[in-house]
Amino acid sequence: MVKARLNPSLRVFGVIMTMYDNRTTLSKQVVEEVESYFGNEVFKTYIPRNVKIAEAPSHGLPISIYAHLSKGSLAYAKLAKEVMRRG
């Protein structure tokens, strides 16, 4: 919609799945829907639902400093590498 109405030259670089919880059917269904629509534009790294990610902003710190070994921080680091590979 944004591309059609505001910026015809807009290009989606990628789609990031966040707040992912592999224990829930809903998360899995959302991933299926998003991947069926966006295909290869969806990054392979999913950012999990993680308390430390939610806490970091209230401490004024990025997750990479606040809890650098948390699942969320490690997922964002993995995503950053994937983004760099994609170009």
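Scoring rules and cut-offs
Residues numbered from 1 in each chain as written. Predicted model: local features only at pLDDT ≥ 70, side-chain atom pairs only at ≥ 80, totals over all residues. Heavy atoms only, no water. Helix = DSSP H or I, 4+ residues; strand = E, 2+ residues; numbered from the N terminus. Expected span 1.5 Å × (residues − 1). Buried < 20%, exposed > 50% of the residue type's maximum accessible area, 1.4 Å probe, protein only. Arc of directions from axis to C-beta. Salt bridge = Lys/Arg side-chain N within 4 Å of Asp/Glu carboxyl O. Polar contact = N/O pair within 3.5 Å; in protein donor to acceptor, adjacent residues only side chain to side chain. Contact = heavy atoms within 4.5 Å. Phe/Tyr/Trp six-rings, centres within 6.5 Å; stacked < 30°, edge-to-face > 60°. Lys NZ or Arg CZ within 6 Å of the ring centre and 35° of its normal.

Undergrad: An account of helix H2 (residues 25-38) is requested, with residue identities and associated values reported.
TA: If you check H2, its first and last C-alpha atoms are 20 Å apart, about what 14 residues at 1.5 Å a residue would give, namely 20 Å. Regarding H2, the residues found buried are Ser27, Val31 and Val34. Here the buried residues of H2 occupy an arc of 70° about the axis, which is enough to place them on one side. Opposite the packed face of H2, turned more than 90 degrees from it, sit the exposed residues Thr25, Leu26, Glu32, Glu33, Ser36 and Tyr37.

Undergrad: How would you sum up the pattern of salt bridges? Please name residues and give values.
TA: A full pass over the atoms with the stated rule returns two salt bridges. Measuring nitrogen to oxygen at the nearest pair gives 3.7 Å for the salt bridge that ties Glu55 to Lys52. Of this pair, Glu55 and Lys52 both sit in helix H3 (residues 51-55), three residues apart, which is roughly one turn of the helix. The partly exposed category is assigned to Glu55, whose relative accessible area is 26%. For Lys52, a relative accessible area of 36% puts it in the partly exposed group.

Undergrad: How would you summarise the side chain of Asn50 if you had to cite specific residues and measurements?
TA: Its location among the elements puts Asn50 in the loop between strand E2 (42-48) and H3. Polar contacts involving the side chain of Asn50 include one to the main-chain amide nitrogen of Lys52, which spans 3.2 Å. With residues near it in sequence (within four places) discarded, Asn50 still touches Ser70, Lys71 and Gly72.

Undergrad: Can you break down the packing of aromatic side chains residue by residue, with the values?
TA: Applying the stated criterion across every chain, the model contains three aromatic pairs. Between Phe13 and Phe43, the aromatic rings sit 6.2 Å apart at their centres with planes inclined by 50°, giving tilted as the arrangement. Taken together, the positions of Phe13 in the loop between helix H1 (2-5) and strand E1 (15-20) and Phe43 in strand E2 put the pair 30 residues apart, joining distant regions of the chain. Look at Phe43 and you get buried, because its relative accessible area is 2%. Over the ring of Phe43 we find Arg86, and its NZ or CZ is 3.8 Å from the ring centre.

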